[in-house]
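# Structural description and commentary
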Amino acid sequence: MRTTLKARLGAALAVAAVFAASGCVSDSSSDAPGTGSGTSGAASATTMRISATGLDSLPFMAILQVAVDKGWFKDKGLDVEMYSGGGGGNTLRAVTTGDADIAIAGNTAVVLAASKSDSNMTILAPWFQVNDFYWITNQSDAKIEDATLGFSSAGSSTELTVKAIQKKYPTVKTQAIGGMGDNWTAVKAGNITAGWAMHPFLTDKVQNDGAKVLVKSRDVVGDFPADLVAVNKDYATKNPQALTAFFQVAGQAFDYVTGSTADAAKDLATLMKMDAPLVEAALKDTPELTKAYSLKVDPDALTNLSQMMVDTGQISEPVDWKTAMDQQFLPQDDRATF
């Protein structure tokens, strides 16, 4: 059963102007999935509310909705509700306000929020660990040194990336614009030189709208996770089996993308309202697809993320990932040693 509840989430985000821990306690019991009190019925499932950025535009998020629609979560005793967040802090606030149990949100927003003792959040895992951020333009003679690059919002991965790019190219200017579509509109209007893009939006604009890649940020700043998974601490305490089940299904969904790419593309295309061949081409264009769609923690990518945050002044010292991230719910083979 698909439940986006965008209106409900929108109301919550409008109220939450700053990160504020709610001390939210889920209605789910601490029983194993399939025996909790999250829903009614003889064999009720454990409720899990997930706030994720770009459910309708990013395949590595939309694949969770595919898993919901195919009943994979239900098979594990989970009744999952998906919320579509606006990115960065906007996605994360759904957890701090109690409207979601898990957030998959911009890396910097998660790191900064989880570092606050009153945030009531714990980092569980990185998500999509290959740098798939590009900046595209319609100008044939554009140069990165003279460019104004658009990004989405404060606390987002795109903000961190453009700041890291500025460390290499100090003359680059940046501007908060919003989503990929808004960035491309701003490019075509001449308001910015290049806007951020990921697959499959990138593939679509290059194939159909004359876009040219100005910056492949992986070549400039290396790999880092696009997002981090964070959980409300109270929910984690009451529902450890549910979190283990979540990552089991996430792994199943990622394997579907890498092992049955054409079929996964068809399912994703339906959700994202795009042509299946375009989505399939975009997945195949994704750098190191099997690494990108994997739960196996890449410590080098996390170390790079931490250093980028230090270099751009967002934190004063590197993140101690050994203590900052709780890997106990990940499959054993996917955990990293720091």
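Before going into details, it helps to say that this report is about the structure given with it. (Residues numbered from 1 in each chain as written. Predicted model: local features only at pLDDT ≥ 70, side-chain atom pairs only at ≥ 80, totals over all residues. Heavy atoms only, no water.)

### Overview of empty space enclosed by the protein
Note the following rule: In this analysis, the protein atoms alone were mapped onto a 1 Å grid. Cavities are point sets where a 1.4 Å probe fits without being able to get out; pockets are open sets with protein on both sides within 12 Å along at least five of seven lines; lining residues have an atom within 4 Å of a point. Grid points are joined across faces, edges and corners, and a volume is the space filled by probe spheres set on the points. Helix and strand definitions follow DSSP, with helices as H or I runs of at least four residues and strands as E runs of at least two, each counted in order from the N terminus. Amino acids outside the nonpolar list (Ala, Val, Leu, Ile, Met, Phe, Trp, Tyr, Cys, Pro) and the charged list (Asp, Glu, Lys, Arg) are all regarded as polar, and Gly is one of them.
For the coordinates displayed, the defined rule picks out one cavity of 30 Å³ or more. Quantified by volume, the largest cavity comes out at close to 60 Å³. Taken together, Pro-59, Phe-60, Phe-128, Asp-132, Met-198, His-199, Val-279, Ala-282, Leu-283, Thr-286 and Tyr-293 form the lining of the largest cavity. Elements that contribute at least two residues to the lining of the largest cavity include exactly helix H2 (59-69) and helix H13 (276-285). Here the element with the most residues in the lining of the largest cavity is H13; it accounts for three residues. Of the residues in the lining of the largest cavity, the class split is eight nonpolar, two polar and one charged.

### Points about the pairing of strand E6 (residues 148-151)
Rules: Each residue's exposure class comes from its accessible area (1.4 Å probe, protein chains only) as a fraction of the maximum for that residue type: buried when under 20%, exposed when over 50%, partly exposed otherwise. Two strands qualify as a pair provided DSSP detects at least 2 bridges between them. Classification remark: right-handed applies to a crossover when, strands pointing away from the viewer, the course from the first strand over the helix to the second runs clockwise.
Of the two faces of E6, both are covered, the one formed by Thr-148 and Gly-150 as well as the one formed by Leu-149 and Phe-151. Relative to strand E7 (residues 173-176), E6 runs parallel, the two being bridged by four bridges. Paired with Leu-149 across the two strands is Thr-174, which belongs to E7. On the question of chirality, the crossover connecting E6 to the parallel E7 by way of helix H6 (residues 157-168) is right-handed.

### Here we look at the pairing of strand E3 (residues 102-106)
It is a general feature of regular strands that their side chains alternate between the two faces of the sheet. With five of five residues buried, E3 is to be regarded as a mostly interior element. Note that E3 and strand E10 (residues 227-232) share five bridges and pair antiparallel. Of the residues in E10, the one forming a bridge with Ala-105 is Leu-228.

### Quick look at the packing of helix H8 (residues 201-208) against H13
Quick reminder of the rule: A fitted line through C-alpha atoms serves as each axis, taken over the contacting stretch for helices, and the angle formed by two N-to-C directions is quoted from 0 to 180°. When an angle is under 35 degrees it counts as roughly parallel; over 145 it counts as roughly antiparallel; between 65 and 115 it counts as roughly perpendicular; any other value is oblique. For any helix crossing, the convention is left-handed if the near helix is rotated counterclockwise from the far helix by under a right angle, and right-handed if that rotation is clockwise. Any pair of residues with heavy atoms lying within 4.5 Å of one another is described as a contacting pair.
Contact geometry for H8 and H13: axes closest at 8 Å, N-to-C directions at 110°. In terms of axis orientation, H8 runs roughly perpendicular to H13. Note that H8 runs across H13; the crossing there is right-handed. Taken together, the residues of H13 that come into contact with H8 (itself represented by Thr-203, Asp-204 and Gln-207) are Leu-278, Ala-282 and Asp-285. For the contact of H8 with H13, the per-class residue count stands at two nonpolar, two polar and two charged.

### Some details on the nonpolar core
Formally: Residues grouped as a nonpolar core are buried Ala, Val, Leu, Ile, Met, Phe, Trp, Tyr and Cys residues, joined through side-chain atoms within 4.5 Å.
In terms of nonpolar packing, the biggest core is built from 110 residues, with Met-48, Ile-104, Trp-127 and Phe-246 touching the most fellow members. Of all the elements, helix H11 (residues 240-259) adds the most residues to this core, at 11 residues. Residues within four places of Phe-246 in sequence aside, it is in contact with Met-48, Ile-50, Leu-64, Phe-73, Leu-78, Ile-104 and Trp-127.

### Some thoughts on the sheet that holds strand E8 (residues 195-197)
The strand order across the open sheet formed by three strands is E8-E5-E9, and the pairing between neighbours is antiparallel. The strands lining the two open edges of the sheet, one partner per strand, are E8 and strand E9 (212-216). Shown here is a sheet whose adjacent strand axes are inclined to one another by a mean of 45°, direction ignored. Of the pairings in the sheet, the one linking strand E5 (residues 134-137) to E8 comprises three bridges and is antiparallel in character. Bridge pairing in E8 places Ile-136 opposite Gly-195. This element, H6, spans E5, E8 and E9 of the sheet and lies at about 80° to E5. Strands E5 and E8 of the sheet are contacted by helix H7 (residues 180-188), whose axis makes an angle of about 145° with E8.

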